[in-house]
Amino acid sequence: MAKLGKRTRAAREAVAGKANLSVEEAVALVKANATSKFDETIEIAMNLGVDTRHADQMVRGVIGLPNGTGKTMRVAVFARGPKAEEAQAAGADIVGAEDLMETIQGGTIEFDRCIATPDMMPVVGRLGKILGPRNLMPNPKVGTVTMDVKAAVEAAKGGEVQFKAEKGGVVHAGVGKASFDEAKLVENVRAFVSAVAKARPSGAKGTYMKKIALSSTMGPGVTIDVAQAAGE
């Protein structure tokens, strides 16, 4: 078994035996253990009582975190003509059409969010097998297939977070950086949990939110009291 480093061992000892904490306690503990040389991302993972193989149990949504994510979001936009110009003016990093499709097909994906105007979807649709598994496929349900390109780009750049339940019913996202004030991280965590709660699908039965864990990029995770996080 590999020997743990001093920092990793100390972080694990700090969270040992601590579970079902309040959001405030969890944020304080995770933030205190984020001691890497870089600004670690604070990540949330939620285990939901859904079976994503069924369409009526799919969980998907978008939330503009009140204090942003602290991450520089690279945005690609599929558009032509005036809409392409609108995207560039709004601050999109990459704008294109068939040329962008060919770049992606060639294996180059240098963006974190993909937006498209509706008329571009026949082109974007050919990239389903590449963008889909990476949760980058534009989708009207989360506002990334739209004619209002300016608003979509600005929302992505402003700290908007998309979420989608993966196999096993797990939703995860970055909710800020370790350098954020505790109060801002707490606010972001509660906003994210609230958004997932509101996205409860019609087919979900029984307990919806089963477990919530918070961690930093390099640190151990701690579980949060679900009822307290949801404000119940």
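Just so it is clear, the model here is predicted, and its values are computed rather than measured.

## With respect to the overall build of the protein chain
So, step 1. Counting its secondary structure elements, the protein chain contains nine helices and nine strands.
So, step 2. Computed over the C-alpha atoms, the radius of gyration of the protein chain is 19 Å, within 12% of the 17 Å expected from 2.2 N^0.38 for a compact globule of 232 residues.
So, step 3. Reported as C-alpha extents along the three principal axes, the dimensions of the protein chain are approximately 55 × 45 × 35 Å.
So, step 4. The proportion of buried residues among the 232 residues of the protein chain is 44%.
So, step 5. Carbon and sulfur atoms make up 51% of the accessible area of the protein chain, which amounts to about 11700 Å² in all.

## A few points about unusual backbone geometry
Leaving glycine out, the prevailing phi sign among residues is negative, and the prevailing peptide bond configuration is trans.
So, step 1. A positive phi angle, near 55°, is found at asparagine 135, a position not held by glycine.
So, step 2. Positionally, asparagine 135 belongs in the loop between helix H6 (128-131) and helix H7 (149-157).
So, step 3. Overall, asparagine 135 belongs to the partly exposed group, its relative accessible area being 32%.

## Description of the pairing of strand S8 (residues 209-216)
So, step 1. Bridge count between strand S1 (residues 41-48) and S8: seven bridges; the pairing is antiparallel. Bridging across to S8, isoleucine 42 finds its partner in serine 216.
So, step 2. Summarising the sheet, S8 and strand S9 (residues 222-224) pair through three bridges and their orientation is antiparallel. Across the sheet, leucine 214 pairs through a bridge with valine 222, a residue of S9.
So, step 3. As consecutive antiparallel partners, S8 and S9 are separated by five residues.

## Remarks on the domain arrangement of the protein chain
So, step 1. Entries for the protein chain in the domain assignment read domain 1 (18-69 + 160-230) and domain 2 (75-158).
So, step 2. Just the C-alpha atoms count here: the centres of domain 1 and domain 2 sit 26 Å apart.
So, step 3. Each side of the interface is counted separately: domain 1 has eight residues, and domain 2 has nine residues.
So, step 4. For the pair domain 1 and domain 2, the summed buried area comes to about 800 Å², and 39% of that belongs to carbon and sulfur atoms.
So, step 5. Area buried by domain 1 at its contact with domain 2 is led by Arg60, Glu160 and Gln162, which between them contribute 75% of it.
So, step 6. Where domain 1 meets domain 2, there are one salt bridge.

The rules behind each value
Residues numbered from 1 in each chain as written. Predicted model: local features only at pLDDT ≥ 70, side-chain atom pairs only at ≥ 80, totals over all residues. Heavy atoms only, no water. Helix = DSSP H or I, 4+ residues; strand = E, 2+ residues; numbered from the N terminus. Rg over C-alpha atoms; globule rule 2.2 N^0.38 Å. Buried < 20%, exposed > 50% of the residue type's maximum accessible area, 1.4 Å probe, protein only. Areas by Shrake-Rupley, 256 points an atom, 1.4 Å probe, with all protein chains shown as cover. Pairing = 2+ DSSP bridges. Domains from an automatic or database assignment. Contact = heavy atoms within 4.5 Å. Buried area = accessible area lost by both parts, 1.4 Å probe. Salt bridge = Lys/Arg side-chain N within 4 Å of Asp/Glu carboxyl O.

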